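Working through the structure, step by step
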Amino acid sequence: MVRTITTPPGVSMHLQFHQVRYFLALARTLNFTQAAKQCNVTQPALTKAVHKLEEELGGALIHRERRFTQLTELGKIILPTLEGVFAAAEAVRLQARSYQKKAIARLKIGLAPSISAALITELLLELARIIPELRFDLREADGDELVELLLDGEINAALVGEAVELPERIDHWPLFQERYVLVLSREHAMTSRTAISIQDLRDVVFLERPGCDVVGRFLRECFVDYPGPKVVHTSDQERHLQQMASAGFGAILVPEHAPRLPSLATIPIEGDPVRREVQLLAVAGRQYSPALDAFIKIVRTRDWTSALERLRDASAPASNNDNIRNAGPQHGDSLFEPRIRGDRPSDCETSRSRDLEARPSRQPHSIGRR
């Protein structure tokens, strides 16, 4: 490293960073042997560097007489300035190192409100074992806002379930499909059923999160010919909706993987009229950090069928599991439909596309993904 210090007009000095470091070590120890050990160099190399520094400064900095070493007057005068130069350079180096570690060891993931963090907790634990210093930053926002956060570099990747309009700069990978189910208090009379028909939902009161149109689309598509249920109560927090449902205020439509309170029961809807596709998003063409690259690969190669089954069983109360199992997939469809996984989109996309499986057909009255 070279640092130029401007002195009176027409004079300049080119100080090598290692020369300054060696001199400061010698000024502290006043012993060439100890200073060389501190700097992890040989004594002749240290002595040569100090002599070069003296030549640049135009005078002796060290006076050596037999066993005694001491600073000259010039050495005493210049010492505080060189200490300041060295400290400033060290501060810059540490800041750069800290930034590089931060860029590698922090992973910022966006989740749509209908995407539970439970979907990725196992993946994050696996990543933490691979990258011990990795830190996670989870952000929740609607799908359109997550796209903006991706483009602005505020998050590295996102999982969305809504039908978001994606610009060309966003890479997207379908992960799986899942159905929505009805969630209500275990004290409700309907919880004894293995499934509920659309007609039986006409008198149900629904709870909804503002900005989430799944209930609205459900009502518009499935109750065209006769009056349907109404949305009476709302909250922008999923946990608040669950508390209200548990208290008996109404029912919620939720993705089947979503964790829920033990006081709530889950009932499939006949025909599975509400389904959605979950996608992974990242910015196309942007260099991936090691953490992001590992995250994308792990997410895309995960066995989502098994993972979602475990989540479903873990979140459902034991007395309610049979409702889910007995209802089963409708018309031969699997409960969860994992999407094909592959490599990051690239110039080889055409080759990769040959490995994609055919997408299963949707059910009658299907509302589509969200």
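A brief report on the enclosed structure follows.

Procedures and definitions
- Residues numbered from 1 in each chain as written.
- Predicted model: local features only at pLDDT ≥ 70, side-chain atom pairs only at ≥ 80, totals over all residues.
- Heavy atoms only, no water.
- Helix = DSSP H or I, 4+ residues; strand = E, 2+ residues; numbered from the N terminus.
- Contact = heavy atoms within 4.5 Å.
- Phe/Tyr/Trp six-rings, centres within 6.5 Å; stacked < 30°, edge-to-face > 60°.
- Buried < 20%, exposed > 50% of the residue type's maximum accessible area, 1.4 Å probe, protein only.
- Lys NZ or Arg CZ within 6 Å of the ring centre and 35° of its normal.
- Pairing = 2+ DSSP bridges.
- Right-handed = clockwise from strand over helix to strand, strands pointing away.
- Core = buried A, V, L, I, M, F, W, Y, C linked by side-chain atoms within 4.5 Å.

1. Thoughts on the side chain of threonine 72
- Turning to its location among the elements, threonine 72 is positioned in the loop between β4 (68-71) and α4 (73-105).
- Setting aside residues up to four positions removed in sequence, threonine 72 forms contacts with Ala60, Leu61, Ile62 and His63.

2. Quick word on the packing of aromatic side chains
- Scanning the model with the defined rule gives two aromatic pairs in all.
- Consider the rings of phenylalanine 17 and phenylalanine 86, whose centres lie 5.2 Å apart with planes at 10°: the pair is stacked. Taken together, the positions of phenylalanine 17 in helix α1 (residues 17-29) and phenylalanine 86 in helix α4 put the pair 69 residues apart, joining distant regions of the chain. For the residue pair phenylalanine 17 and phenylalanine 86, the accessibility class agrees, reading buried in each case.
- Ring centres 5.1 Å apart and planes at 35° place the aromatic pair phenylalanine 176 and tryptophan 304 in the tilted group. Taken as a pair, phenylalanine 176 in strand β8 (residues 170-185) and tryptophan 304 in helix α10 (residues 304-315) lie far apart in primary sequence, 128 residues in all. For the pair phenylalanine 176 and tryptophan 304, one class covers both residues: buried.
- The positively charged end of arginine 64 is found above the aromatic ring belonging to phenylalanine 32, 4.2 Å away from the centroid.

3. Comments concerning the pairing of strand β6 (residues 135-140)
- Where strand β5 (residues 106-111) meets β6, six bridges bridge the pair, whose relative direction is parallel. Counted as the bridge partner of arginine 106 is arginine 135 from β6.
- One crossover worth recording links β5 to the parallel β6 by way of helix α5 (residues 121-130), and it is right-handed.

4. Brief notes about helix α7 (residues 214-222)
- Where burial is concerned, most of α7 is hidden: seven out of the nine residues are buried.
- Looking only at α7, the buried set comprises Val214, Val215, Gly216, Arg217, Phe218, Leu219 and Cys222.
- Contacts made by the buried residues of α7 are with β8, β9 (205-208), β10 (230-234) and β11 (252-255).

5. Quick look at the pairing of strand β7 (residues 157-160)
- Side chains of β7 alternate between two faces, with Ala157 and Leu159 and Ala158 and Val160 buried alike.
- Inspection of the sheet shows β5 paired to β7 by three bridges, in the parallel sense. The residue bridging leucine 111 from the neighbouring strand is leucine 159, located in β7.
- Where β7 and strand β13 (residues 275-283) come together, three bridges link them in antiparallel fashion. By the bridge assignment for β13, alanine 158 is matched with leucine 281.

6. Section: the nonpolar core
- One finds Leu280, Phe295 and Trp304 to be the most contacted residues of the largest nonpolar core, which totals 45 residues.
- Ranked by residues supplied to this core, first place goes to helix α9 (residues 290-301) with seven residues.
- If we ignore the near neighbours within four places in the chain, the residues touching phenylalanine 295 are Leu107, Ile109, Leu124, Leu127, Ala157, Leu159 and Leu280.
- In this structure, Phe23, Phe32, Leu46 and Leu57 belong to the second largest nonpolar core, which totals 26 residues.

7. Some words on unusual backbone geometry
- In this structure, leucine 30 takes a positive phi of about 50° despite not being glycine.
- Locating leucine 30 in the fold gives a position in the loop between α1 and α2 (32-39).
- Backbone geometry places asparagine 40, a non-glycine residue, at a positive phi of 60°.
- Here asparagine 40 shows up in the loop between α2 and α3 (43-57).

Geometry only, nothing functional implied.
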